[in-house]
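Spelled out from the first residue to the last, the chains are:
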Amino acid sequence: MKTTFFGTQPYDRDTFCRINEEFGLQLDFHRSHLNRRNVALADGADAVCIFVNDEADAATIRELAARGVRLIALRCAGFNNVDLRAAAECGITVVRVPAYSPHAVAEHAVALMLSLNRKIHRAYWRTRDGNFSLHGLLGFDMYGRTAGIIGTGRIARALIEILQGFGMIVVAYDPSPDMAYATSQGVEYMSLDELYACSDVISLHCPLNESTQYMIDAAAIGKMKRGVTIINTGRGGLIHTEALIDGLKSRRIGAAGLDVYEEEAAYFYEDTSDNIMRDDTLARLLSFNNVIITSHQGFFTREALDNIARTTLSNIKAFAMSEEPLNEVKA
Ligand code: NAI
């Protein structure tokens with residue numbers, strides 16, 4: 001069973017090769033992303049392994065099927081970049097890593113929140129330049145503030161535990177609320193409008209799909225508390241970026257911590273520092289002193305990388321042994 005990996009970085013190759021000593025699978029690594037133009041790299045492979053910024057749209061999937069690929073193994077949790085219907089039509093099985101370390105992403109969301117609140121990103125540069133002034137660095141106590149959590153799955157629950165440790169009040173929205181969880185953890189479910197109206201910090205932890213795309217748009221931002229902090233470690237497409245920029249300019253949004261960005265595929269995970277930035281929206285976001293952008297690194301801890309590799313290789317091995325597919329994603 002040969003698996004072609006797309007979009008790999010040195011740390012992916014190191015981790016997968018080390019964990020593969022337990023599995024003995026044939027792995028072939030490529031740096032470039034999967035898309036319609038380079039699908040030929042999968043020639044001779046039974047499976048492809050892809051990540052968040054690879055494009056498995058219908059045309060690419062048909063090309064993969066024509067080359068004999070029978071499995072798409074996502075080495076991530078989200079699957080919004082795979083056309084599941086096209087995969088089913090072509091007889092390609094899709095598997096993913098549903099959970100590898102919810103703590104990694106939750107802790108990164110907290111890092112963004114605290115950095116923005118206490119202006120650590122600005123203080124770091126100031127003190128290095130001999131500027132010990134506090135002007136502009138005023139933050140607020142997290143204690144007693146309200147955190148609005150959208151989506152209450154694995155990552156959100158890890159986050160909620162941390163925020164409650166700060167003494168924050170946690171409110172949440174989820175179309176499939178878990179009342180037993182809410183009661184036992186002291187979390188109050190409410191409508192999105194109610195959450196927008198009362199939250200000092202809003203953090204997004206739902207999947208990107210047709211119903212959640214651009215859920216944070218001008219109308220939603222208009223309902224939020226003035227000065228709200230928005231944290232997005234979910235997917236870029238959850239936020240209408242132009243509306244976010246307008247909200248930042250009008251100061252309705254006090255700060256934004258973004259680990260994901262709708263057009264991230266052209267930039268994230270690459271060193272583009274020698275080039276002129278062509279994405280004016282990203283350039284505008286980067287110009288705000290109350291915005292921190294990280295390059296989709298929420299998952300990036302040693303524990304998470306090991307878990308991702310182990311689950312992905314288990315998924316591929318189970319498929320190769322003709323067992324029931326593990327962690328299958330269906331249309
Ligand atoms: P999960 O599947 O455990 O939880 C998702 C929750 O969202 C569920 O409770 C579901 O009911 C809820 N949901 C579904 N539709 C919703 C809607 N319209 N509004 C509000 N909530 C809704 O997922 P998990 O593991 O907590 O991950 C959440 C998201 O985080 C993933 O879909 C992925 O996009 C993103 N992610 C980001 C990473 C990063 O490195 N920044 C790493 C891993 C995941």
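Predicted model, so just to flag it, every value in this text is computed and none were measured.

## Concerning the pattern of salt bridges
Moving on, step 1. According to the stated counting rule, one finds 13 salt bridges in the structure shown.
Moving on, step 2. Of the charged contacts in the structure, one is a salt bridge between Arg18 and Asp306, with a shortest N-O distance of 2.9 Å. Note that Arg18 is positioned in helix 1 (residues 10-20) and Asp306 in helix 12 (residues 302-320), a separation of 288 residues in sequence.
Moving on, step 3. Note on Arg18: relative accessible area 43%, which makes it partly exposed.
Moving on, step 4. One salt bridge connects Lys225 with Asp200, and the closest N-O pair in it is separated by 2.9 Å. Of this pair, Lys225 sits in the loop between helix 9 (218-222) and strand 10 (228-232) while Asp200 sits in the loop between helix 8 (192-198) and strand 9 (201-204), and the two are 25 residues apart along the sequence.
Moving on, step 5. Using a relative accessible area of 10% as the deciding quantity, one classes Asp200 as buried.

## Digging into the nonpolar core
Moving on, step 1. Ile50, Leu64, Ile72, Ile150, Tyr196, Ile216 and Leu244 are the most contacted members of the largest nonpolar core, which totals 79 residues.
Moving on, step 2. Two domains share this core, each providing at least three of its residues, namely domain 1 (2-100 + 301-320) and domain 2 (102-293).
Moving on, step 3. Contact partners of Ile50, with chain neighbours within four places excluded, come to Phe6, Leu34, Ala56, Ile72, Ala73, Leu74, Arg75, Asn81 and Val82.
Moving on, step 4. Within the second largest apolar cluster, 25 residues are counted, among which are Ala147, Tyr189, Val201 and Ala255.

## Comments concerning helix 12
Moving on, step 1. Taking 1.5 Å of rise per residue, the 19 residues of helix 12 would be expected to cover 27 Å, and the 27 Å separating its terminal C-alpha atoms lies within 8% of that figure.
Moving on, step 2. A positive backbone phi angle near 60 degrees is found at Ser322, which sits one or two residues after helix 12.

What counts, and at which threshold
- Residues numbered from 1 in each chain as written.
- Predicted model: local features only at pLDDT ≥ 70, side-chain atom pairs only at ≥ 80, totals over all residues.
- Heavy atoms only, no water.
- Salt bridge = Lys/Arg side-chain N within 4 Å of Asp/Glu carboxyl O.
- Helix = DSSP H or I, 4+ residues; strand = E, 2+ residues; numbered from the N terminus.
- Buried < 20%, exposed > 50% of the residue type's maximum accessible area, 1.4 Å probe, protein only.
- Core = buried A, V, L, I, M, F, W, Y, C linked by side-chain atoms within 4.5 Å.
- Domains from an automatic or database assignment.
- Contact = heavy atoms within 4.5 Å.
- Expected span 1.5 Å × (residues − 1).

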